[in-house]
Amino acid sequence: EPEVTQTPSHQVTQMGQEVILRCVPISNHLYFYWYRQILGQKVEFLVSFYNNEISEKSEIFDDQFSVERPDGSNFTLKIRSTKLEDSAMYFCAIQTGSSYEQYFGPGTRLTVT
Amino acid sequence: RKEVEQDPGPFNVPEGATVAFNCTYSNSASQSFFWYRQDCRKEPKLLMSVYSSGNEDGRFTAQLNRASQYISLLIRDSKLSDSATYLCAVKQAGTALIFGKGTTLSVSS
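Please read these numbers as outputs of a predicted model, since none were measured by experiment.

(A) Quick peek at the overall build of chain A. When helices and strands are counted, chain A shows zero helices and eleven strands. Moving toward the C terminus, one meets the helices and strands of chain A in the order β-β-β-β-β-β-β-β-β-β-β. Relative to its length of 113 residues, chain A is compact, with a C-alpha radius of gyration of 13 Å against a globular reference of 13 Å. With respect to the three principal axes, the spread of C-alpha positions in chain A is 40 × 25 × 25 Å.

Written out as structure tokens, the structure reads:
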């Protein structure tokens, strides 16, 4: 199973602040994803990133969100001005080959106060 | 409109029991299907992909019924360690996985 790490494991921030969540796949992959899970709710797709471009995004992924792969390895999700409702677990996922199987990182728990 | 729906939980079963979960999806163009396992406050872990012909991995069997648009997961000889939430996930035409809310399984001794 491919390995993915995420940092930080837990981030507490004040409403209106910017946060950057990081994802580091252990080996090279082309497809990256961000999902979020609000406590007690289902896992929701945010955005997919292929070949250094956004390939698909959900309605949740509005102008407050952005993704990039700044150095060819880290994959980041930025939330520009956090709101209380952004509090959730954020999972990075990678896809292997042509099987469409996605493997998730351990997640970052974001708490907005 | 709920895209992926799962059996309401929780399922409380004794060790050794056989338990089955169902999941229905609304989009007939869905292409790929998966079962994930999620422990409390942890990431979803891929349990198995679901193929048209059905597939088995040890005590776990997954089946797909495209005509009725549902997938199922059967767990035989339940272990205490099987206690978790089981998530159904469906890939449609795009790249995203659409998840169900999950079904909680509690196996007791």
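(B) Spatial organisation of the state of the cysteines. All names here are of chain A. Applying the stated criterion to the full structure yields two disulfides over all chains. Each sulfur in the disulfide pair cysteine 23 and cysteine 92 lies 1.9 Å from the other. Across the disulfide from cysteine 23 to cysteine 92, rotation about the S-S bond amounts to roughly -55 degrees, and the bridge is consequently left-handed. Residue cysteine 23 is found in strand S3 (residues 19-25), and its partner cysteine 92 is found in strand S9 (residues 88-95); the two are separated by 69 residues along the sequence. Here cysteine 92 falls in the buried class, since its relative accessible area comes to 0%.

(C) Geometry of the interface of chain A and chain B. In this complex, chain A contributes 22 residues to the contact, which on the side of chain B involves 20 residues. Counting each side, the surface lost to burial between chain A and chain B is near 1,800 Å², with a carbon and sulfur contribution of 56%. On the chain A side of the contact with chain B, Lys42, Tyr100 and Phe104 of chain A bury the most area, a combined 28% of that side's loss. The interface formed by chain A and chain B includes zero salt bridges. The interface formed by chain A and chain B holds eight residue pairs in polar contact (both at pLDDT 80 or more) in total. If you list the elements that add at least two residues to the side of chain A that touches chain B, you get strand S4 (31-37), strand S5 (44-50), strand S6 (53-57), S9 and strand S10 (102-104) of chain A.

(D) Just the sheet that holds strand S1 (residues 4-7) of chain A, in detail. Residue and element names in this part refer to chain A. Taken in spatial order, the four strands line up as S1-S3-S8-S7 in an open sheet, and their pairing is antiparallel. Only two strands of the sheet have a single partner each, and these edge strands are S1 and strand S7 (65-68). Sheet twist, expressed as the mean angle between neighbouring strand axes with direction ignored, is 15 degrees. Two strands pair when backbone bridges link them, and S3 and strand S8 (residues 75-79) are joined in this way by five bridges, in the antiparallel orientation.

(E) Here's a closer look at the packing of aromatic side chains. One pass over the full model with this rule turns up 17 aromatic pairs over all chains. With 5.2 Å between their ring centres and 90 degrees between their planes, phenylalanine 11 of chain B and phenylalanine 21 of chain B make a pair best called edge-to-face. You can see phenylalanine 11 of chain B sitting in strand S2 (residues 11-14) and its partner phenylalanine 21 of chain B sitting in strand S3 (residues 19-25), a full ten residues away along the chain. Since its relative accessible area comes to 21%, phenylalanine 11 of chain B is described here as partly exposed. Assessed through its relative accessible area of 0%, phenylalanine 21 of chain B is described here as buried. Relative to tyrosine 86 of chain B, the ring of phenylalanine 21 of chain B lies with its centre 5.4 Å away and its plane at 35 degrees, an arrangement referred to as tilted. One end of the pair, phenylalanine 21 of chain B, is in strand S3; the other, tyrosine 86 of chain B, is in strand S9 (residues 84-91), with 65 residues separating them in the sequence. Aromatic rings pair up to connect Tyr31, Tyr33, Tyr35, Phe45, Tyr50, Phe91 and Phe104 of chain A together with Tyr36 and Phe99 of chain B into one cluster. In this structure, lysine 91 of chain B packs its charged tip against the face of tyrosine 100 of chain A, placed 4.4 Å from the ring centre.

Calculation notes
- Residues numbered from 1 in each chain as written.
- Chains lettered and ligands numbered in written order.
- Predicted model: local features only at pLDDT ≥ 70, side-chain atom pairs only at ≥ 80, totals over all residues.
- Heavy atoms only, no water.
- Helix = DSSP H or I, 4+ residues; strand = E, 2+ residues; numbered from the N terminus.
- Rg over C-alpha atoms; globule rule 2.2 N^0.38 Å.
- Disulfide = S-S within 2.5 Å.
- Buried < 20%, exposed > 50% of the residue type's maximum accessible area, 1.4 Å probe, protein only.
- Contact = heavy atoms within 4.5 Å.
- Buried area = accessible area lost by both parts, 1.4 Å probe.
- Salt bridge = Lys/Arg side-chain N within 4 Å of Asp/Glu carboxyl O.
- Polar contact = N/O pair within 3.5 Å; in protein donor to acceptor, adjacent residues only side chain to side chain.
- Pairing = 2+ DSSP bridges.
- Axes fitted to C-alpha atoms, helices over the stretch in contact; angles between N-to-C directions.
- Phe/Tyr/Trp six-rings, centres within 6.5 Å; stacked < 30°, edge-to-face > 60°.
- Lys NZ or Arg CZ within 6 Å of the ring centre and 35° of its normal.

These results come straight from atomic positions and should not be treated as a statement about function.
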